[in-house]
Amino acid sequence: MALTIPGTGPTQLVQKIELRISCMNLPNRDLTSLSDPCAVFYVKHKDKYKEYDRTEQAKNTLDPKFSKPITIDYFFEMVQYVRVRIYDLDNSSKKVDDDDFLGQIECTLGQIVTKSPFTKIMLRKHGKEIPNCTISINAFEIKEGDDLLMFQFSAKKLSNKDLLSKSDPFLEISQPVSDGSWQIAHRTEVIKNNLNPEWRPFTLRMKSICNGDMTRPIRFTVFDFDKNGSHDLIGSFESTLSEIIKAKDHAVSWPCVNESKRGKKKGYTDSGTVVLNTLKIYREHTFLDYIFGGLQINLTIGVDFTASNGFPHMRGSLHFLDPEYPNEYMKAIRSVGTVLQDYDWDKMFPALGFGAVVPPSDDVSFEFPLNLNPQNPYCAGIDGVIDAYLSCIRQVQLRGPTNVAPIIKHVARFAEDSQAKETERDGATMYFILLLLTDGDLTDMDDVKNEIVRASSLPMSIIIVGIGQADFRLMEKLDGDDGVLKSTKGVPTERDIVQFVPMRNFQNSGGAELSNHVLAEIPKQVTSYFNKRHLPPRHMQAPM
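Analysis parameters
- Residues numbered from 1 in each chain as written.
- Predicted model: local features only at pLDDT ≥ 70, side-chain atom pairs only at ≥ 80, totals over all residues.
- Heavy atoms only, no water.
- Buried < 20%, exposed > 50% of the residue type's maximum accessible area, 1.4 Å probe, protein only.
- Helix = DSSP H or I, 4+ residues; strand = E, 2+ residues; numbered from the N terminus.
- Pairing = 2+ DSSP bridges.
- pLDDT = per-residue confidence, 0-100.
- Contact = heavy atoms within 4.5 Å.
- Salt bridge = Lys/Arg side-chain N within 4 Å of Asp/Glu carboxyl O.
- Axes fitted to C-alpha atoms, helices over the stretch in contact; angles between N-to-C directions.
- Parallel < 35°, antiparallel > 145°, perpendicular 65-115°, else oblique.
- Left-handed = near helix turned anticlockwise from the far one by under 90°.
- Nonpolar A, V, L, I, M, F, W, Y, C, P; charged D, E, K, R; others polar.

Caption draft 1: Region of the structure containing the pairing of strand E27 (residues 498-502). Among the five residues of E27, five are classified as buried, and the element is accordingly described as predominantly covered. Burial along E27 is two-sided: Val498, Phe500 and Pro502 and Gln499 and Val501, pointing in opposite directions, are all buried. Pairing of strand E26 (residues 460-466) with E27 involves five bridges; the strand directions are parallel. Its bridge partner lying in E27, Ile464 is registered against Phe500.

Caption draft 2: Fine view of the confidence of the model for the chain. Taken over all residues, the pLDDT of the chain has a mean of 87, while the share at 70 or more is 92%. Within the model, the stretch residues 1-12 combines pLDDT values under 50 with 18 contacts to residues more than four positions away or in other chains. When the criterion is pLDDT under 50, residues 540-544 qualifies, and its contacts beyond four places in sequence or with other chains add up to five contacts.

Caption draft 3: Representation of the pattern of salt bridges. Enumeration over the complete set of coordinates arrives at 20 salt bridges. When the shortest N-O distance is used, the salt bridge between Glu284 and Arg205 registers 2.4 Å. Taken as a pair, Glu284 in the loop between strand E17 (273-283) and helix H5 (287-292) and Arg205 in strand E13 (residues 202-205) lie far apart in primary sequence, 79 residues in all. Side by side, Glu284 and Arg205 carry an identical accessibility label, which is buried. Among the charged side chains, a network of salt bridges with common partners joins Lys409, Glu416, Glu451 and Arg454.

Caption draft 4: Broad picture of helix H12 (residues 522-532). The complete set of buried residues in H12 reads Ile522, Gln525, Val526, Thr527, Tyr529, Phe530 and Asn531. Within two residues after H12, His534 carries a phi angle of roughly 55°, on the positive side.

Caption draft 5: Examining the packing of helix H8 (residues 405-420) against helix H9 (residues 445-455) more closely. Relative orientation of the contacting elements H8 and H9 amounts to 15°, with a least axis distance of 9 Å. With respect to H9, the axis of H8 lies roughly parallel. In terms of crossing hand, the pair formed by H8 and H9 is left-handed. Here Ala405, Ile408, Lys409, Ala412 and Glu416 of H8 lie close against H9, whose contacting residues are Asp447, Val448, Glu451, Ile452 and Arg454. Here the contact of H8 with H9 is composed, by residue class, of five nonpolar, no polar and five charged.

Structure follows, in structure tokens:
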């Protein structure tokens, strides 16, 4: 896969890698139990480290083996500085400032890739080594188009490890690595008080459990969960993908054996049976697979007409129409729209305004067509959108407040209708992008969060461009880069679908850099939606 990185000049080779992190001998910061560590992964950008992703929180252990991987693009031609910090999390907040810092390492992705498994002594914040405390990172290449395996496991008649109740079993899946150890690829949920558990289905990349080798051993281990972290081994077994794949046609089972017990107990056979009830194999399709298959990307544009923009006839207004220079709204529409219009067959774009009084009404509207034609809000091409905007700004009265939830809901309705018609046979047909242009913080932020959470389960992405010099710090919280956005009821987004940028960051670099920045995540958002729903590309010829 080739990608041009803005500002770097030549085309660079991009490889996606998956990093799996474990630690040994972490310092303990709890008085009555062990630490509950989480690994936070940072990437250095413009001399500052910014959080990129984090693992799950491990409970009550000083030797965590995190099951959630860190997936990142690796560039051979670049030095990519990264930092891994371990925190003992004590609350549900995404911020780690108030949590106990356990240690950190700094290195490059190149070091991790060339020495995998890469192990380094952890340091305190001031740089002093923590004796015997290490972080290990295993790197695995992820190839686009890799097969996805959907498993559904259960177990029968597991040995009971508890005296007053039944075991609380969970299943771990591991693959061998070059140093002879086993790397956890997945850990299921815990089933409470049950010797015949049925775990939820889960999906893994084929390479993450066998590295493409059908005969490579895969280890399955069942534990009895203990909240103090000293999980009791129930039993384990090893298999290969060539054997596992038989479950495509019928259930496959294995005896779950505790080798220690077998060596000590005469007549011991096993500690229960693990059953793979269902195995489905899906192809993980790339963005170009979907485009070649005929996926339509539908762009809707939303423009802020609130009074805080300033009166359009005044030169200081963000809507001022200079005969020689386009304003920021026009620049943003043309920059992003010119790229996206190539992916829409009919080049007809709905363009909406919000926060203005549209004659002959005396009421403020938060969802009106820029061409002022409610029966047909579509504009022909990006030039048609610009023409509609120029005409509209001369006719409407700027008011407020800055409510954008109605426009998000408007686009979500179309995405929801498209989703309802999706079938695996027909494949992926449509994806919707909303480009929102606004001059300040939103006055309906709670409603916006709720609509974004709802839209995250739909074939939809939202690009927000901040126009002008306002303080957009609250807006940046809508972008999922620094944590998972949640609704007012605490429901998290299913996917990160929002990208926010201030237009002022691109004043001196031209429109191309704006479109590069805000559209960079769109291919990943498209593939994450359709691959998660196991919808393949359509295979049809685009109309001429």
